[in-house]
Amino acid sequence: MSKYAVVGEGLPRIDGPEKATGQAKFTVDIKLPGMLYGKILRSPYPHARIISIDTSAAEALPGVKAVITGKDIGEVRYAFVDTPRYPADERPLAIDKVRYIGDEVAAVAAVSEAVAEEALGLIKVEYEVLPAVFTPEEAIKPTAAVIHENSLEGTSAWEEWGAAGRSHDYRAEVDIDNASARSAISFGDVEEGFRQADHIREDSFDAAATAHCALEPHAAVASYDPVNGKLDLWLSTMGIFLKRFVLSKALKMPISKVRVRHSYVGGAFGGKIDVFPYEFCAAYLSMKLGRPVKIELDREEVFTTTRQRHPISIKIKTGIKKDGTIVAQDIKLYADNGGYRGSGAIVVFLCHGFSFPVYNIPNYRYEGIAVYTNNPIRGPQRGHGAPQVRFAIDSQLDMIARELGLDPVEVMLKNVRHKGDVLPNGDKLNSCGLSDAIRGAAQGVNWTVGRSQLNKGEDCAKGSGRDGARFRRGVGMSLCSMFSGAMYYPFASAAMIKLHDDGSATLFTGSQELGQGIYTTLGQVAAEELGIGLDDIRVVAGDTEITPIDLGSFLSGGALVTGNAVKLAAADARRQLLEVAAEILEVKVEDLNYRNKQIFVKGNLDKSISYAKAIQGSVFRKNGNPIIGTGSYKGNPETDRYPSLAKAKGLFTSAYGFCAQAVEVEVDTLTGKVKVLKASTFHDCGFPLNKTIVEGQVEGCVSMGMGQALSEEIVLEKGQLFNASFLNYRLPIATDTPETKDGLVDSLEPNGPFGAKEVGEGAVAGMLAAVANAVNDAVGVRIYSTPITPDKVLSALQG
Amino acid sequence: MKRLINIVVNGEPHEVAVNPEQTLLEILREELGLTGTKKGCDQGECGACTVLVDGKPVSSCLVLAVSVNGKSIATIEGLSQNGRLHPLQEAFVQHGAIQCGFCTPGMLLAAKYLLENRPLPSEQEIKEAIAGNICRCTGYVKIIEAITAVAHSTAQ
Ligand code: FES
Ligand code: FES
């Protein structure tokens, strides 16, 4: 039996009934009296200079209330990354140049969406079309068109947060005009490591750009109150305080005059953390007009302009001993971040940061370069760099293992890190269940029985198969790791708990529900610590005015960072409650025990008081002081060791989540089509605060990872997106669902609340190589790029 | 030119003036304030806007409002009765079949139609019945479980 009453159980989520009945309000559902509708005019060219913009005809259209361009707004810049090394390079509306198809040029507010749309057609923009580049290979050529030519001045957000480190201009490190960021790190002696190796392989892999496909389209509603000078916002967001910070700075508003109000978010997966031009424009137009303004993007705009996963080209060289010990690895990669830096500086850091905790490689060198192209902007997406780099590393490791006649699973087991290991950056693995995860996932797909090709050595059957079978099956595995929150604005979370006269409580948290179940999970943490039931908790969240500051729901920090803050707040409230009870019962606090909202004197069960009575007592006895508990927690307590994006040094996170993912696939050798039959993910998320929610997170990740392994891909032709719809961008539908055999490894994270850590992101990353390895196991061909489409499989089979 | 149509929504008659180009989805959300029906794509490709018209599931973003004159429409708001969740709603909540909840209304109506017409569907039939409803959050596993659970409990 569990030693806990509320956490650990798969309790139904508290927002379930609201969502099941259609009552839950999402940003797209917000409608305010007098509300106007906004639309954005976008660049039809991948790279062009703006010569002139004439808005007069649009302004004259009946029903149009305002038209704005970059000139009206003036010098405003922001970006997800805004540091002295990487100054913000995005503007709400273009001033001089447009840099991708979809770049924002003007915005209209009108009485209806239809009128606003019509007005867009009346805006005349004269462009001078410039040469454009669409791949990193083109972009890094000395003759390539330069996408950002000006150096950017001003105080970065990072400096305003007081977190500035020493700044090195990355341009001094890399002689490429279109480079937007670089991370480089090495440890050990790589050349010496390769000399010790018995076997060395060098390969190149390419991972495709993919879309988040959150089902709720991005939207913003802004309502400015000219009398009080206050701006209310409803946003599609993963971090209300981060958006408030960036938007208030861009709008030149005092931060306390901007309020992000609660609405539900219909899925995010990383795609709703950046601040977007449509959000700025909704706010700006509302302030200009003194009326509420709503901008809702259509699905094509969501696909094109709200970020995508970075396509990354990875060169990897690995040296290994005969017994399977990895002795050296050298990785060099290029990430295409599109027309603006987006999260380019972060992804080239995370391709290392999310990956190096997996294997213990003594001699290692890594260089990641992000480049500008005239493609759509890339940003965070579930796993942020990990799926791409794990695809390369574990595909290659599988090849090496087979060449050495070793079982890939044994090779993985030989090289993975363990609990207690200290990573090269100084982070300590206080929990790490990778070995158990590998064994679990292997069993989930019957690894020993299923390894068809491996057992046959050289006889990798081609074409329709040696034995003439059209459908062939194989298994594959890959591993991954993930942070549990990291040092990013606002760096910490706080929480507050108010107790009520009836013994119930309200939790105030600045976290945001995106579907990940954070309100329920945090409610469980509070209830457990207070000794009450989940039914006794109401959660007030997602509102910058009434909740304490919060890190936000990205970088998977929800459970660990905010969870700890909530636990501390609940402990604080409980302490106050017990003190009052001790006073009333005239005993010492140490003599008290509590259960089921009742406080007892130890060894004297007759002497007791209910929570309700004690809380009421507090109001009487302490001059009306009701009980309010507070708590706060910082992701990484050692402030002087912020991670450096450039050198990948410093402490990254308090805890790493890990998982092993294995799949069994069936390959149709006639069509090249691959189907995932079984997927088995074993996750080390520490203690699962809510089993059902944890399972749901893993299942969602597996589905997304499977889609990205097999079919999902942003198709671009000279910067133009060709599949910006659900019909043409093929994400998994219900009939694609494999049989799942997931499990959690027994693990407790000492830094986490009740031992919990990350769960929502990791399990995408292992799916890509797991599928690629399984395809190879089935039919003996290696696919070096995602997605693994029937075309690629077929031509490999024939080749 | 607006036209008057008469529709019955969740059992209640409504007379609505609609533009010829307005979709049923727009009317439900904008005119009747029934925002439980969601717009995920407005192109008939995601199923978030699924409602039942005379008992059959349709993508309301593809249906012109004028064409449903005289018909009866069921939306998510009508699924629970007297404050009691429908067994499918209850099962979705209990089985963790809801995450962000944006696909949920459409998914529930598609499932309702399935179970009304095929009380004991196979797993494959369940998958096919909701194949037009995209869910990015759950990977469908718990949705399929929830529908299966309701089918089995009503069969008993
Ligand atoms: S909104 Fe109708 S199918 Fe997507
Ligand atoms: S629960 Fe989010 S799309 Fe289905």
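Residues numbered from 1 in each chain as written. Chains lettered and ligands numbered in written order. Predicted model: local features only at pLDDT ≥ 70, side-chain atom pairs only at ≥ 80, totals over all residues. Heavy atoms only, no water.

A. Representation of the layout of surface pockets. Computed from the structure, the second largest pocket encloses a volume of approximately 1,000 Å³. The wall of the second largest pocket is formed by 36 residues, among which Glu113(A), Ala114(A), Glu26(B), Glu30(B) and Lys39(B) lie closest to the centre. The set of elements that each furnish at least two residues to the lining of the second largest pocket consists of strand E1 (36-42), helix H4 (113-120), strand E12 (293-296) and helix H10 (299-305) of chain A together with helix H1 (24-31) of chain B. Among the elements that make up the lining of the second largest pocket, the one with the highest residue count is H1(B) (five residues). For the lining of the second largest pocket, a count of residues per class yields 10 nonpolar, seven polar and 19 charged. (1 Å grid on protein atoms, 1.4 Å probe; cavity = no way out; pocket = protein on both sides within 12 Å on 5 of 7 lines; lining within 4 Å. Points joined across faces, edges and corners; volume = space filled by probe spheres on them. Helix = DSSP H or I, 4+ residues; strand = E, 2+ residues; numbered from the N terminus. Nonpolar A, V, L, I, M, F, W, Y, C, P; charged D, E, K, R; others polar.)

B. Just the interface of chain A and chain B, in detail. With 52 residues of chain A at the contact, the number on the chain B side is 44 residues. Taken together, the two surfaces of chain A and chain B that pack against each other cover about 3,800 Å², and 59% of this comes from carbon and sulfur. It is Ala20(A), Leu215(A) and Ala734(A) in chain A that bury the most area against chain B; as a group they hold 16% of the surface buried on that side. In this structure, the connection of chain A to chain B is made through seven salt bridges. The salt bridge involving Lys142(B) is made with Glu699(A); its shortest N-O contact spans 3.3 Å. On inspection of chain A and its partner chain B, the count reaches 22 residue pairs in polar contact (both at pLDDT 80 or more). Elements with a minimum of two residues in the side of chain A that touches chain B: helix H1 (16-20) and helix H20 (691-710) of chain A. Here the element with the most residues in the side of chain A that touches chain B is H20(A); it accounts for nine residues. (Contact = heavy atoms within 4.5 Å. Buried area = accessible area lost by both parts, 1.4 Å probe. Salt bridge = Lys/Arg side-chain N within 4 Å of Asp/Glu carboxyl O. Polar contact = N/O pair within 3.5 Å; in protein donor to acceptor, adjacent residues only side chain to side chain.)

C. Examining the domain arrangement of chain B more closely. Residue and element names in this part refer to chain B. You can read the domains of chain B as domain 1 (3-78) and domain 2 (87-155). Computed from C-alpha coordinates alone, the two centres of domain 1 and domain 2 are separated by 22 Å. Between domain 1 and domain 2, the contact holds 17 residues from the first and 12 residues from the second. Taken together, the two surfaces of domain 1 and domain 2 that pack against each other cover about 1,100 Å², and 69% of this comes from carbon and sulfur. At the junction of domain 1 with domain 2, the criterion picks out zero salt bridges. Inspection of the domain 1/domain 2 interface yields four residue pairs in polar contact (both at pLDDT 80 or more). Looking at the side of domain 1 that touches domain 2 element by element, the count peaks at three residues for strand E3 (residues 50-53). Considered class by class, the residues forming the side of domain 1 that touches domain 2 number seven nonpolar, six polar and four charged. (Domains from an automatic or database assignment.)

D. Spotlight on helix H2 (residues 87-94) of chain B. Looking only at H2(B), the buried set comprises Leu88(B), Gln89(B), Ala91(B), Phe92(B) and Val93(B). Where H2(B) is buried, its residues contact H1 of chain A together with helix H3 (104-117) and helix H5 (141-155) of chain B. Once H2(B) finishes, Gly96(B) follows within two positions and takes phi at roughly 70°, a positive value. (Buried < 20%, exposed > 50% of the residue type's maximum accessible area, 1.4 Å probe, protein only.)

E. Representation of the pattern of salt bridges. Residue and element names in this part refer to chain A. Evaluated as defined, the whole model comprises 55 salt bridges over all chains. Across the salt bridge formed by glutamate 104 and arginine 42, the nearest N and O atoms sit 2.9 Å from each other. Linking glutamate 104 in strand E5 (residues 104-110) with arginine 42 in strand E1, this pair joins segments that are 62 residues apart in sequence. Of the two residues examined, glutamate 104 and arginine 42, each falls in the buried class. Taken together, the salt bridges that share partners define one network made up of Arg85, Glu173, Arg182, Lys332 and Glu367.

F. Seen up close, a negative patch on the surface. Negative charge collects at one region of the surface, where Asp298(A), Glu300(A), Glu21(B), Glu26(B), Glu31(B) and Asp42(B) lie side by side. Within the element layout of this structure, Asp298(A) appears in the loop between E12 and H10. (Patch = residues over 30% accessible without salt bridge, like charges linked within 9 Å, V, L, I, M, F, W, Y side chains within 5 Å. Areas by Shrake-Rupley, 256 points an atom, 1.4 Å probe, with all protein chains shown as cover. Lys, Arg positive; Asp, Glu negative; His and termini not counted. Charge placed at Lys NZ, Arg CZ, Asp CG, Glu CD.)

G. Just the packing of helix H12 (residues 386-403) of chain A against helix H13 (residues 408-415) of chain A, in detail. All names here are of chain A. Where H12 contacts H13, the two axes come as close as 9 Å, and the packing angle between them is 115°. Considering the angle they form, H12 stands roughly perpendicular to H13. When the axes of H12 and H13 are compared, the crossing they make is right-handed. In this structure, H12 uses Asp394, Leu397, Asp398, Ala401 and Arg402 to contact H13, whose residues at the interface are Pro408, Val411 and Met412. (Axes fitted to C-alpha atoms, helices over the stretch in contact; angles between N-to-C directions. Parallel < 35°, antiparallel > 145°, perpendicular 65-115°, else oblique. Left-handed = near helix turned anticlockwise from the far one by under 90°.)

H. Highlighting unusual backbone geometry. Following Thr786(A), the chain continues into Pro787(A) via a peptide bond in cis, with omega recorded as -5°. Residue Asn596(A) is not a glycine yet carries a positive backbone phi of 50°.

I. Structural context of the domain arrangement of chain A. Residue and element names in this part refer to chain A. Examined at the domain level, chain A breaks down into domain 1 (16-23 + 489-634), domain 2 (31-132 + 214-268 + 272-305) and domain 3 (378-486 + 643-798). Once you take the C-alpha centre of each, domain 2 and domain 3 turn out to be 37 Å apart. With 13 residues of domain 2 at the interface, the matching set in domain 3 holds 14 residues. Of the roughly 970 Å² buried between domain 2 and domain 3 on both sides combined, carbon and sulfur atoms contribute 77%.

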